[in-house]
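Architecture at a glance
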Amino acid sequence: MNIVLLGAPGAGKGTQAAKLVEKYGMCHISTGDILRAAVKDQTPLGIKAKGFMDAGELVPDDLIIDLMKERMQQPDTENGVLLDGFPRTTTQAVSLDSMLSELGRPLNAALLINVENEAIVKRLTSRRMCRECGHIGSVKDGDTCPKCEGEMFQRDDDNEETVRNRLDVYDKQTAPLIDYYRGKDLLLSVDGDRDPDVVFADVVALLDL
Ligand code: AMP
């Protein structure tokens, strides 16, 4: 199955993706994770992307599309992918359609995780992430990852000002993809403002897994 996860930053795409990976072994591709690794390693892509990411803006389409074209050629994508954070613009969505059709693979669903903006601001400003294993937790976890005891940190772009900008960018540039996928009859939608396990039960049912 090839699935696009849609939803505002902080809606729970990464959390639901981790659960899908754990239970069904799906190939999870998060452009945000790939970009953060590139920034950390100071690769040419990371150097170009950092300023956009720190400001909560989107990294230019051509960089993301090149990155995804290469990633989709890897053998681990052959049995299906779970795309998290891509596409984020109509240009990227059109490009994904042509990548998949060149590879002879269908897009099976676009799953929208719905959460109100104010709930997202609360969630993201208290979100913490593990430096070692990428576990997504909250300020309540303290400084130590409950999964691997790595160091929990706050992402540079999870401060309130940047979060509000990211939501604005989402509303303007990414939310139009909801209609794009509805028009292709691929849109599924779930209420993400609930306990992650309750959301996950709905996700599994909606995707008919
Ligand atoms: P995320 O972890 O998905 O919230 O992504 C973090 C940041 O990486 C975003 O705010 C963007 O700056 C950048 N980014 C991730 N995915 C994309 C994408 N598909 N297109 C453009 N920028 C992206």
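That block above? That's the structure.
The sections below set out a description of the structure shown in this document. If you're wondering where the values come from, they're calculated on a predicted model, not measured in any experiment.

Calculation notes
Residues numbered from 1 in each chain as written. Predicted model: local features only at pLDDT ≥ 70, side-chain atom pairs only at ≥ 80, totals over all residues. Heavy atoms only, no water. Helix = DSSP H or I, 4+ residues; strand = E, 2+ residues; numbered from the N terminus. Buried < 20%, exposed > 50% of the residue type's maximum accessible area, 1.4 Å probe, protein only. Contact = heavy atoms within 4.5 Å. 1 Å grid on protein atoms, 1.4 Å probe; cavity = no way out; pocket = protein on both sides within 12 Å on 5 of 7 lines; lining within 4 Å. Points joined across faces, edges and corners; volume = space filled by probe spheres on them. Nonpolar A, V, L, I, M, F, W, Y, C, P; charged D, E, K, R; others polar. Core = buried A, V, L, I, M, F, W, Y, C linked by side-chain atoms within 4.5 Å. Pairing = 2+ DSSP bridges. Near = heavy atom within 4 Å. Polar contact = N/O pair within 3.5 Å; in protein donor to acceptor, adjacent residues only side chain to side chain. Areas by Shrake-Rupley, 256 points an atom, 1.4 Å probe, with all protein chains shown as cover. Arc of directions from axis to C-beta. Salt bridge = Lys/Arg side-chain N within 4 Å of Asp/Glu carboxyl O.

Locating Ala-93 in the fold gives a position in helix H5 (residues 90-103). The class of Ala-93 is buried, set by a relative accessible area of 0%. Separated by 84 residues in the primary sequence, Ala-93 and Leu-177 have C-alpha atoms spaced 7.6 Å apart. Residues in contact with Ala-93, not counting those within four places in the same chain, are Pro-87, Leu-177, Tyr-180 and Tyr-181.

With that out of the way, let us pick up empty space enclosed by the protein. Counted under the stated rule, the structure contains one cavity of 30 Å³ or more. Of the volumes computed, that of the largest cavity is approximately 70 Å³. Secondary-structure elements contributing two or more residues to the lining of the largest cavity are strand E1 (3-6) and helix H7 (160-174). Considered class by class, the residues forming the lining of the largest cavity number six nonpolar, three polar and two charged.

Right, let's get into the environment of Met-129. You can see Met-129 is positioned in strand E5 (residues 127-130). When the C-alpha positions of Met-129 and Pro-146 are compared, they lie 11 Å apart, and in sequence the two are 17 residues distant. Non-local contacts of Met-129, meaning those with residues more than four positions away in its chain, are made with Asp-33, Arg-36, Gly-134, His-135, Glu-151, Met-152, Phe-153 and Arg-155.

Moving on, we come to the nonpolar core. In terms of nonpolar packing, the biggest core is built from 52 residues, with Val-4, Leu-6, Met-68, Met-72, Leu-83 and Tyr-181 touching the most fellow members. Those residues in contact with Met-68, other than ones at most four positions away along the chain, are Ile-29, Thr-31, Leu-83, Phe-86 and Met-99.

Moving on, we come to the pairing of strand E4 (residues 109-114). Of all six residues that make up E4, five are buried, and the element is covered over most of its length. Pairing of E1 with E4 involves four bridges; the strand directions are parallel. Pairing of Ile-3 across the sheet is with Ala-109, part of E4. Across five bridges, E4 lies against strand E8 (residues 187-191) in parallel orientation. Looking at E8, one finds that Asn-114 is bridged to Asp-191.

Attention now goes to the site of the ligand. Surrounding the ligand, one finds 16 residues, the nearest of these being Thr-31, Arg-36, Glu-57, Gly-85 and Gln-92. Separating an oxygen atom of the ligand from a side-chain N or O atom of Arg-155 is a distance of 3.3 Å. In isolation the ligand exposes 480 Å². Once the protein is present, 96% of that is buried. Counting residues per element, the shell around the ligand draws most heavily on helix H2 (residues 31-40), which supplies four residues. Of the residues contributing to the shell around the ligand, the split by class is six nonpolar, four polar and six charged.

A separate point is helix H6 (residues 117-125). An α-helix turns once per 3.6 residues; consequently, residues spaced three or four apart project the same way. Looking only at H6, the buried set comprises Ile-120, Val-121 and Leu-124. Down the axis of H6, the smallest arc covering the buried residues is 105°, so these residues share one side. Exposed residues on H6 whose side chains face more than 90 degrees from its buried face are Glu-118 and Lys-122. If you follow the buried residues of H6, they end up packed against E5 and H7.

For the rest of this paragraph, the subject is the pattern of salt bridges. Applying the stated rule across the entire model yields 16 salt bridges. A salt bridge links Lys-50 to Asp-54, with the shortest nitrogen-to-oxygen separation between them at 2.5 Å. Taken together, the residues span about one helical turn, with Lys-50 and Asp-54 both in helix H3 (residues 44-55) at a distance of four residues. With relative accessibility at 37%, the residue Lys-50 sits in the partly exposed group. Taking the shortest distance from any N to any O, the salt bridge between Asp-168 and Lys-172 comes out at 3.1 Å. Note that Asp-168 and Lys-172 are positioned in helix H7 at a spacing of four residues, about one turn of the helix. Lys-172 gets classed as exposed once you look at its relative accessible area, which sits at 59%.

Fair warning: the whole summary comes from geometry, so function is off the table for now.
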